[in-house]
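# An overview of the molecular structure
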Amino acid sequence: MLKNYFKIAIAVLKRRKFFTFISLFGISFTLTILMVATAFIDKLLSPDYPDYKRDRSLYVATMEYKNTKQGWLNRSDASYYFFDHYVSTLKSIDKMAISSYATASNAYVNNKKLVIEYKYTNADFWNVLEYKFLEGKPFGKQEINNAEQVAVISEETKKAYFGDEKSVVGKYISADNISYRVIGVVANVSKTLYNLKGDMYIPLSLDKGNRPGNPELMGSYNAILLAKSKADVPKVLKEYNQMMKKVPIPKDFDKVYSNADPFFESMTRRIAGEGSTDGKGIVITMITGFTLLFLLLPTINLVNINITRILERSSEIGVRKAFGASSKTLVYQFIVENLILTLLGGIIGVFFSLLAIYLINSANLISNMRLTLNFTVLFYSFILCVFFGLISGVYPAWRMSKLNIVKALKAQ
Amino acid sequence: MIQLQSIEKVYRTDTVETLAINGINLDIAKGEFLSIMGPSGCGKSTLLNIMGLLDEPSKGLIKIDDQDISRFSDQQLARFRNEKLGFIFQSYHLINDLQVLDNVELPLLYRSSSAKERKALATAALEKVGLSNRLKHFPTQLSGGQRQRVAIARAIVGNPQIILADEPTGNLDSAMGNEIMDILLGLNKNEGTTIVMVTHDESMAHRTHRLVRLFDGSQVQ
Amino acid sequence: MFKHLFKLIWNKKKQNFLFLTEILVSFLVIFAVFSFLTFYFQNYSKPLGFEYKKVWAITYDNRMLTKNTDSASTFYENLHKSLKSMPKIEEVSYSSSNFPYSNSNMSTVVKQGDKKFDYVNNYDVGADYNKVWNISLLEGRWFLPEDKIGKNKKIIINETLKTLIFGKEKAVGKLVGDHENKEKMQVIGVVQDVKANGDFWPAGSAMFVQPDTAQIKYTSTILIKVSADADATFESELYKFMANTMKGSVEIKHLEEMRDSKNEVTIIPMVIFITIASFLIINVALGLFGVLWYNINKRKGEIGLRRAIGASANAVSYQLVMESMILATMSLIVGCFFAVQFPLLSVFNIPASVYIIAILLSILFIYLLVFACSLYPGKQAARIHPAIALHEE
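Residues numbered from 1 in each chain as written. Chains lettered and ligands numbered in written order. Predicted model: local features only at pLDDT ≥ 70, side-chain atom pairs only at ≥ 80, totals over all residues.

### Here we look at the overall build of chain C
The helix and strand inventory of chain C stands at 12 helices and 11 strands. Since a compact globule built from 393 residues should have a radius of gyration of about 21 Å, the 31 Å found for chain C marks it as more spread out than a globular shape. Across its three principal axes, chain C shows a C-alpha extent of roughly 105 × 55 × 30 Å. Out of the 393 residues in chain C, the part that is buried amounts to 38%. For chain C, the share of sequence-separated contacts (at least 6 apart) that also reach a separation of at least 24 residues comes to 82%. (Helix = DSSP H or I, 4+ residues; strand = E, 2+ residues; numbered from the N terminus. Rg over C-alpha atoms; globule rule 2.2 N^0.38 Å. Buried ≥ 20, exposed ≤ 12 C-beta atoms within 10 Å, placed from the backbone. Contact = placed C-beta atoms within 7 Å.)

What follows is the structure, encoded as structure tokens:
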């Protein structure tokens, strides 16, 4: 039966080439945009180099003081003291990666100016994250304790600073007028991992702003808490929240917030949330809203074209009904036709998406971000195709089933 | 009034050449009521189309009201049809999305007249066919006979000199058909309108002044 | 004729519902696009108000410097002298971190009588700030050293703020209140608006003040104007000098690059938005074309009839194009009803002229679109042979 529908569908599509062309154009283009957007979101949310342990990680990025009576808010990254003094006491954590947000400094090499963004990190940073070392190795506890002036640099920085040298371990790189000895070179990190990307990584004991004993909770650091297993994550979260209850509230404020979030929530909190709400609902609603709005025009268009196509075939439909086809059969036939059309449009869309992604990647719009059309993306795109095909096919199919046989036969 | 001289009409497709009308000569006087009869495919509708300037003959001359039509441009033909001709079709060809009054007004829209004039003329035409109480109805709300009467009102609203009717009673039962014939005969007698009617119905045809029979594109009687 | 066509369409409104909806939604999309474009264009065409080309911003970490007020004053005075004496540096000024094209925002509230003015950008400036940027004064004068003493704090405001507070009157010499309306500040000058947020955003209200001596130790930004031949070699020397002097991290940014980043943030999303909107519209155009073409085919009988009755071929195509335009008008009326809420409610505080221009442009666009899509089907309709059309049944 399905094979029959399929054959009829292809014949119908071939008959009215212009309508088919318009429909395919609209569908494939709409789906291309949706697929590229999906690829982008997937890139942002899926585990990506060097952060592969997302499913057992919690991310701590902010410290917030609130005065609920006056409505004042102070928000910033957390201080190293906070992580060292409070968070490290949590027993359910396996390891903790601490790093500062990237600070820009300038270096002048060969009469060229380079901007080098550097991050201070702890030793476990390299154990939690999986950086790929093209040369050398990371610094460890010993280098940190001795405040050695060593640095791990990115591949890009190596090329920009040292040019075509094969090996740079042991050489010196100067930033902020301080010299560091290079001990490792890592592969580039995409800018979409904004809290991990850096041109240079140095031990946090070199951060002169970290005055020992200063109990300030706000600073410029963030951390990734690694649980022992995926199942342990709720335990870590519970312990963290318990710990937060005991943190002293600073003068002039009445609440202190710091959240340990799973990856997605850490992003939504940043975009649309604050200490007390993670903003997940808002972000998801916004994205769904925009997608539906975007789909609105192509859908109306496709529905319009579909109705036109049906009405044009009204005598054919009248004949089928006269010879015994039930309304249900005809509706199924039409929906199948529409799905075939949408899936065909989807396949064309895949090709266009590959092209678009290739162009976006080579234009390097966001540094080092490489979009891919992996199976997750294809799967979601397939769902979108089906969804799109159904919503644009249901109303016309319903209209068609209502056609009166005699009127339909007379129409031609 | 209408003069057809040596009219020929050939239809050509990629493979076939059909001679629809084969050398017809016909003179129709002013005020005459002419019927054209013949079996299916004999060319009577084609002949009517040519008389109504809806189609061009492949060969031959047409004169209407002593004017040589063959040199008329599309604009001139349109104007001529608008002012001098009225059409009635077997399937009425009313516009279902317009009310009866608007349907009847249609020919007047292609002339310059005010809305008031149009309304007055259309109402008068509908009175003549006995439908004054159906002005605001839609065609789908009327019976076949009523629809054909609306079509007649539309055909006469502009006071044409000639009416061309293509099987006007073809879709109606005998009672309604007779009613329509009465109206047409009345028009012909009272207003002096020249009427050319194509029909299948012998009884209707015999009520008219003259009968012309066609067979295979040629006149036989 | 017009009334006739309108009657025809009104009676068929249910059938045309989808067509009307498509036009309506397209209009709203186009309205959004044109609103953005008009807004950006209006701002773009306003004068820049300052020169940024040879300006560099030196930002540094001041944590290692002295916190003693007097020592800080001396330190910064000496630094100013040293920088000014460098051959390739023409002007030097200290600044707060929210200078034009920076990503920092500091705003405050200004009051006068019972009126309140929000979002006034608050710039702390050094004595030569205006020379670094070449900002022009419209009224009054720039700061002098003696302005730091005196009963009322002396401020300079920009054109936008002056018009908001004082209308067409002169502002120099008048007093305004700070956010608590306790301290009175005296206006000593009015400067031309500076487009500090990039070329596409309005300048907003701004006020310039000189920092107290006590605040000098918190300075972390120095703005310099360099000569035309200042190159990377000079920059690296300057950098070394600053790094040694500040004993903390230093960054030197070129205002030209900062301006490009600011503009990019506006331009890139706009380009993406327009690309998507164009394809949506092409989609719609093709769809409309198909639907209109089908409608013509469906009405062959009616068209044949009209030709029989006396419509010329041109009259028929004219009719069909007019019908589409009337349908478009019906949608546009509804669309305008929604769109006109924007200027009426001053949504996003954007001037009404932006929205009105956008509405007019969108209406024009939609009419052109519908006209173009109905032209070919209209001509096809004109070619219908009445004899064939009338006898198809």
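There is more to say after this.
### With respect to the overall build of chain B
The helix and strand tally for chain B stands at 7 helices and 10 strands. For chain B, whose C-alpha radius of gyration is 17 Å, the value lies close to the compact-globule estimate of 17 Å for 221 residues. Seen through its principal axes, chain B has C-alpha atoms that stretch 50 × 40 × 40 Å. Relative to all contacts within chain B whose residues are 6 or more apart in sequence, the contacts with residues 24 or more apart total 71%.

### With respect to the domain arrangement of chain C
Residues and elements named next belong to chain C. Structurally, chain C comprises domain 1 (2-45 + 265-390) and domain 2 (100-210). Taking only C-alpha atoms, the centre of domain 1 and the centre of domain 2 are 48 Å apart. Between domain 1 and domain 2, the contact holds 4 residues from the first and 5 residues from the second. Top element by residues in the side of domain 1 that touches domain 2 is helix H2 (residues 17-44). It accounts for 3 residues. When grouped by side-chain class, the residues that make up the side of domain 1 that touches domain 2 number 2 nonpolar, 2 polar and no charged. (Domains from an automatic or database assignment. Nonpolar A, V, L, I, M, F, W, Y, C, P; charged D, E, K, R; others polar.)

### Here we look at the interface of chain C and chain A
Between chain C and chain A, the contact holds 31 residues from the first and 30 residues from the second. Broken down by secondary-structure element, the contributors of at least two residues to the side of chain C that touches chain A are H2, helix H6 (232-246), strand E11 (250-254) and helix H7 (255-298) of chain C. Sorting elements by how many residues they give to the side of chain C that touches chain A places H7 of chain C first, with 10 residues. A breakdown of the residues in the side of chain C that touches chain A according to their chemical character gives 17 nonpolar, 9 polar and 5 charged.

### Brief notes about the pairing of strand E4 (residues 59-64) of chain B
Sheet faces and side chains relate simply in a regular strand, where the side chains alternate between the two faces. Residue and element names in this part refer to chain B. With 5 bridges connecting them, strand E1 (residues 2-12) and E4 associate as antiparallel partners. The residue of E4 that forms the bridge with Glu-8 is Lys-59. Where E4 meets strand E5 (residues 67-68), 2 bridges bridge the pair, whose relative direction is antiparallel. Paired with Ile-64 across the bridge in E5 is Gln-67. Hairpin geometry of E4 and E5 is characterised by an intervening segment of 2 residues between the two adjacent antiparallel strands and by a positive phi of about 50° at Asp-65. (Pairing = 2+ DSSP bridges.)

### Here's the deal with the sheet that holds strand E2 (residues 17-28) of chain B
On the basis of which strands lie adjacent, the open sheet formed by 4 strands has the order E2-E1-E4-E5 (chain B) and antiparallel pairing. Strand pairing shows two members of the sheet lacking a second neighbour, E2 and E5 of chain B, which therefore form its edges.

### A look at the sheet that holds E11 of chain C
All names here are of chain C. Reading across the sheet, the 4 strands line up as E2-E10-E1-E11 and stay open at both edges, with antiparallel pairing between neighbours. Since the sheet does not close on itself, it has two edges, and those belong to strand E2 (89-95) and E11, each with one partner. Here the strands of the sheet are splayed against their neighbours by 20° on average, with no regard to which way each runs. As judged from the 6 bridges shared by E2 and strand E10 (residues 221-226), these two strands associate in the antiparallel manner. Looking at E10, one finds that Tyr-94 is bridged to Ile-222. Running at roughly 155° to E2, helix H3 (residues 69-85) makes contact with E2 and E10 of the sheet. Strand contacts of H6: strand E1 (55-60) and E11, with the helix running at about 145° to E11, the strand carrying the most contacts. (Axes fitted to C-alpha atoms, helices over the stretch in contact; angles between N-to-C directions.)

### What about the interface of chain B and chain C?
Each side of the interface is counted separately: chain B has 24 residues, and chain C has 22 residues. Every element with two or more residues in the side of chain B that touches chain C is listed here: helix H1 (44-51), helix H2 (74-84) and helix H3 (100-109) of chain B. If you tally residues by element for the side of chain B that touches chain C, the top one is H2 of chain B, at 6 residues.

### Considering helix H7 (residues 233-245) of chain A
Residue and element names in this part refer to chain A. With 13 residues, H7 ought to run about 18 Å at 1.5 Å a step, and its terminal C-alpha atoms sit 19 Å apart, in line with that. For H7, the full list of buried residues reads Val-233, Val-236 and Tyr-240. Viewed along the axis of H7, the buried residues span an arc of 60°, placing them on a single side of the element. In this structure, H7 carries Pro-234, Lys-238, Asn-241, Gln-242 and Lys-245 as exposed residues pointing more than 90 degrees from its buried face. Check the buried side of H7 and you find it contacts strand E1 (57-60), strand E4 (93-100), strand E13 (221-227) and strand E15 (260-261). (Expected span 1.5 Å × (residues − 1). Arc of directions from axis to C-beta.)

### Looking at the packing of H2 of chain C against helix H9 (residues 313-339) of chain C
Residues and elements named next belong to chain C. Packing of H2 against H9 leaves a shortest axis separation of 8 Å and a crossing angle of 45°. Accordingly, the angle class assigned to the pair H2 and H9 is oblique. The two elements H2 and H9 meet at a crossing, and its hand is right-handed. Of H9, the residues touching H2 (which contributes Phe-19, Leu-20, Ile-23, Leu-24, Phe-27, Leu-28 and Phe-31) are Leu-327, Ala-328, Met-330, Ser-331, Leu-332, Val-334, Gly-335, Phe-338 and Ala-339. Its residues assigned to classes, the contact of H2 with H9 shows 14 nonpolar, 2 polar and no charged. (Parallel < 35°, antiparallel > 145°, perpendicular 65-115°, else oblique. Left-handed = near helix turned anticlockwise from the far one by under 90°.)

### Some points on the environment of Glu-56 of chain B
Turning to its location among the elements, Glu-56 of chain B is positioned in the loop between H1 and E4. Distance from Glu-56 of chain B to Ile-7 of chain B, taken between C-alpha atoms, is 9.7 Å for residues 49 residues apart in sequence.

### Considering the confidence of the model for chain C
Residues and elements named next belong to chain C. A residue-level look at chain C finds 99% of positions with pLDDT of 70 or above and a mean pLDDT of 87. Here helix H12 (residues 386-390) is the element of chain C with the lowest mean pLDDT, 78, and E10 is the one with the highest, 92. Complex prediction metrics read pTM 0.78 and ipTM 0.74. (pLDDT = per-residue confidence, 0-100.)

### Examining the pairing of strand E4 (residues 115-124) of chain C
Residue and element names in this part refer to chain C. As paired elements, strand E3 (residues 107-112) and E4 share 5 bridges and run antiparallel to each other. The residue of E4 that forms the bridge with Lys-111 is Lys-116. Strand direction decides the pairing type here: E4 and strand E9 (residues 205-209), joined by 5 bridges, are parallel. Residue pairing for E9: Tyr-123 is matched across the bridge by Phe-208.

### Thoughts on the nonpolar core
By size, the foremost hydrophobic cluster in this structure holds 138 residues, and its most contacted members are Val-104, Ala-153, Leu-164 and Val-196 of chain B. No other element matches the 13 residues that H2 of chain C contributes to this core. Listed in part, the 55 residues of the second largest apolar core include Ala-61, Val-168, Tyr-180 and Leu-204 of chain A. (Core = buried A, V, L, I, M, F, W, Y, C linked by C-beta atoms within 7 Å.)

### Considerations on unusual backbone geometry
Geometrically, the link from Tyr-49 of chain A to Pro-50 of chain A is a cis peptide bond, its omega value of -5° lying close to zero. Its place among the elements puts Pro-50 of chain A in the loop between helix H2 (17-45) and E1. Positive phi, close to 75°, is recorded for Asp-252 of chain A, a residue that is not glycine. On the neighbour-count criterion, Asp-252 of chain A (10 C-beta atoms within 10 Å) is exposed. Look at Tyr-92 of chain B: it is not a glycine, yet its phi comes out positive at around 60°.

### With respect to helix H5 (residues 144-156) of chain B
Residues and elements named next belong to chain B. Helix length check: H5, at 13 residues, gives a terminal C-alpha distance of 19 Å against a target of 18 Å (1.5 Å per residue), a fit within 8%. Burial analysis of H5 places 10 of its 13 residues in the buried class, the great majority of the element. Taken together, the buried positions of H5 are Arg-147, Gln-148, Arg-149, Val-150, Ala-151, Ile-152, Ala-153, Arg-154, Ala-155 and Ile-156. In the core, the buried residues of H5 are packed alongside strand E6 (85-88), H3, helix H4 (115-128), strand E7 (162-166) and helix H6 (174-191).

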